[in-house]
Amino acid sequence: QNLFDIGEMSVSDVKEQDFSLKNIGTNPLQILNVNTSCGCTSGQIIYRGETSKEYSMHAQSGYVTEIAPQDTATLRLIYRPAIMPVYGPVEREVYITTNDPVNEKLVFSIKATVK
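Position numbers for residues start from 1 in each chain and track the written sequence from start to end. Predicted model: local features are reported for residues with pLDDT of at least 70 only, side-chain atom pairs are reported and counted for 80 or more only, and whole-chain, interface and lining totals are derived from all residues. Side-chain metrics rest on all non-hydrogen atoms present in the structure, leaving aside hydrogens and water.

> What should I look at first to understand the nonpolar core in this one?
The biggest cluster of nonpolar side chains holds 26 residues, and the ones touching the most others in it are L21, I45, L75, Y79 and I96. Strands here mean DSSP runs of E at least two residues long; helices mean DSSP runs of H or I at least four residues long; both are numbered from the N terminus. If you list the elements that add at least two residues to this core, you get β1 (3–9), β2 (15–22), β3 (29–36), β4 (41–47), β7 (72–79), β8 (88–98) and β9 (105–114). With five residues, the top contributor of residues to this core is β9. Here, two residues are considered to be in contact whenever any of their heavy atoms come within 4.5 Å of each other. Sequence-distant contacts of I96, that is, excluding residues within four places in its chain, are made with L21, I31, N33, V34, I45, L75, E104, K105, L106 and F108. Throughout, nonpolar core names a set of buried Ala, Val, Leu, Ile, Met, Phe, Trp, Tyr and Cys residues whose side chains join them through atoms within 4.5 Å. Residue exposure (1.4 Å probe, protein chains only): buried if accessible area is under 20% of the type maximum, exposed if over 50%, otherwise partly exposed.

Right under this line is the structure:
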């Protein structure tokens, strides 16, 4: 399940949600690009103690890292509604492009109600 409902939040809040990225294959899984649906949302890859910088709609990552077979990285989605103030129900997404021909594009979403 790659959709998480973070519930109600204020427009001045910053919310983070972590998702697991497990490489269930036998080859290294390359993270080729990270970008997002909105400038208010960014994504970070955390792997083996290293945290990438934040990537968003206007600052795509290009190649980030390679996850070893059976290993797990974390995608952290960060939502800052104050950057693009909206109110009511919203959904924001982080997109990850990989070298997996079956799952080339992964989508991780949050839902929130901004007050």
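Having put the structure on the table, let's press on.
> Is there a simple way to think about unusual backbone geometry in this case?
If you check the backbone angles, R48 has positive phi at about 50 degrees while not being a glycine. Take R48: it is sitting in the loop between β4 and β5 (50–51). Positive phi outside glycine occurs at Q70, with the angle close to 65 degrees. Mapped onto the elements of the fold, Q70 is located in the loop between β6 (65–67) and β7. Residue class for Q70 comes out partly exposed when judged on its relative accessible area of 48%.

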